[in-house]
Amino acid sequence: MNNFALFTDVSVNPQHKLGIGGYLIVPMTFLDSELDNIKREDVSAQLKTRLFDDTSSTKLEVQTVLWALQDLREKLPDAAFECLQIYTDSQCIAGLMGRRAGLISNNFVARGSGKELNNAMLYRRFYEVYDQLGFKVNMVAGHSPAHTHNSVQRIFSYVDRGVRRALTHWLDSQAS
């Protein structure tokens, strides 16, 4: 069965206009795990991260999802996904499907200024990939107290920490 959960998160340094995007792809059955069986080390070992430059938080969220989906398609080129669920704390990503009709009808142009949206190309690509894969986007409450976590929130918190740690490590390596 090709049922997967994709967790994505980002950490941005706006002064340098760069950030780290990260993703974790797991079988949907992993979400049924008992909380005690979801270990930070296991998530960290599977977490993929990438540095993006000339970016912002909104742009990086979309770039990261597209990168993760491209990697998934390269790893499983012939797979027909029965169920692909994306988990994110990004309001931008979670809201893109609801904004689709309006963005397309306005040709990705801002009503007020009449200029094309900054991330129009990324939004177009997001919709293209959605049409090909048919995933579902799920909003996760970020930074929730650990005692309230279910399996999705536990996994997401480990992804979040791993991405923030990767950005800190990269920034520290540049300072030395």
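Basis of the calculations
Residues numbered from 1 in each chain as written. Predicted model: local features only at pLDDT ≥ 70, side-chain atom pairs only at ≥ 80, totals over all residues. Heavy atoms only, no water. Axes fitted to C-alpha atoms, helices over the stretch in contact; angles between N-to-C directions. Helix = DSSP H or I, 4+ residues; strand = E, 2+ residues; numbered from the N terminus. Left-handed = near helix turned anticlockwise from the far one by under 90°. Contact = heavy atoms within 4.5 Å. Salt bridge = Lys/Arg side-chain N within 4 Å of Asp/Glu carboxyl O. Buried < 20%, exposed > 50% of the residue type's maximum accessible area, 1.4 Å probe, protein only. Pairing = 2+ DSSP bridges. Lys, Arg positive; Asp, Glu negative; His and termini not counted. Polar contact = N/O pair within 3.5 Å; in protein donor to acceptor, adjacent residues only side chain to side chain. Core = buried A, V, L, I, M, F, W, Y, C linked by side-chain atoms within 4.5 Å. Phe/Tyr/Trp six-rings, centres within 6.5 Å; stacked < 30°, edge-to-face > 60°.

Chemist: Quick one: what's the story with the packing of helix α2 (residues 57-75) against helix α4 (residues 120-133), residue by residue and with numbers?
Modeler: Their axes nearest at 10 Å, the elements α2 and α4 cross at an angle of 35 degrees. The chirality of how α2 crosses α4 is left-handed. Counting all contacts with α2, which are made through Thr-58, Lys-59, Val-62, Gln-63, Val-65, Leu-66, Leu-69, Gln-70 and Arg-73, the residues of α4 involved are Leu-122, Tyr-123, Arg-125, Phe-126, Val-129, Gln-132 and Leu-133.

Chemist: Any details on the pattern of salt bridges? Residues and values, ideally.
Modeler: All told, the structure shown has five salt bridges when counted by the stated rule. Between Arg-100 and Asp-131 there is a salt bridge; the shortest N-O distance is 2.7 Å. A residue pair is termed long-range when its members are at least 10 positions apart, and Arg-100 in helix α3 (residues 91-105) and Asp-131 in helix α4 qualify at 31 residues. Close ionic contact of Asp-160 with Arg-164 constitutes a salt bridge, the shortest N to O distance being 2.6 Å. With Asp-160 and Arg-164 both in helix α5 (residues 151-175) and four residues apart, the pair spans about one turn of that helix. By relative accessible area, Arg-164 is classed as partly exposed at 37%.

Chemist: How would you summarise the sheet that holds strand β2 (residues 18-27) if you had to cite specific residues and measurements?
Modeler: What the five strands build is an open sheet, ordered β3-β2-β1-β4-β5; its pairing is mixed. Sheet topology places β3 (48-53) and β5 (136-139) at the edges, where each strand pairs with a single neighbour. The average angle at which neighbouring strand axes cross in this sheet is 25 degrees, direction not considered. Looking at chain direction, strand β1 (residues 3-13) and strand β4 (residues 83-88) are connected through five bridges and run parallel. Bridge pairing in β4 places Leu-6 opposite Ile-86.

Chemist: Could you give me a rundown of the environment of Cys-92, with the residues and numbers involved?
Modeler: You can see Cys-92 is positioned in helix α3. Spatially, the C-alpha atom of Cys-92 lies 19 Å from that of Ser-144, the residues being 52 residues apart in sequence.

Chemist: Residues and numbers for the side chain of Arg-154, please.
Modeler: Examined against the element boundaries, Arg-154 turns out to sit in helix α5. The charged side chain of Arg-154 is buried without a salt bridge, its nearest counter-charge being Asp-36 at 5.1 Å. A distance of 3.2 Å separates a polar side-chain atom of Arg-154 from the backbone oxygen of Leu-35.

Chemist: Break down the nonpolar core for me, with residues and values.
Modeler: Formed by 29 residues in total, the largest nonpolar core has its most connected members in Val-62, Leu-69, Leu-84, Leu-96, Tyr-123, Phe-126 and Phe-135. Residue assignment for this core shows that the elements contributing at least two residues are β1, α2, β4, α3 and α4. If you tally residues by element for this core, the top one is α2, at eight residues. In contact with Leu-84, not counting residues within four places along its chain, are Phe-4, Leu-6, Ile-25, Leu-69, Leu-72, Leu-133, Phe-135 and Lys-136. Residues Ala-5, Leu-47, Tyr-158 and Ala-166 belong to the second largest nonpolar core, which totals 20 residues.

Chemist: Requested: an account of the packing of aromatic side chains, with residues and values cited.
Modeler: This model, assessed by the stated rule, comprises seven aromatic pairs. With a centroid separation of 4.8 Å and an interplanar angle of 80 degrees, the aromatic rings of Tyr-23 and Trp-67 are classed as edge-to-face. Here Tyr-23 is found in strand β2, whereas its partner Trp-67 is found in helix α2, with 44 residues between them in sequence. We note that Tyr-23, like Trp-67, is buried. Between Phe-126 and Tyr-127, the aromatic rings sit 5.8 Å apart at their centres with planes inclined by 80 degrees, giving edge-to-face as the arrangement. For Phe-126, a relative accessible area of 0% translates into the label buried.

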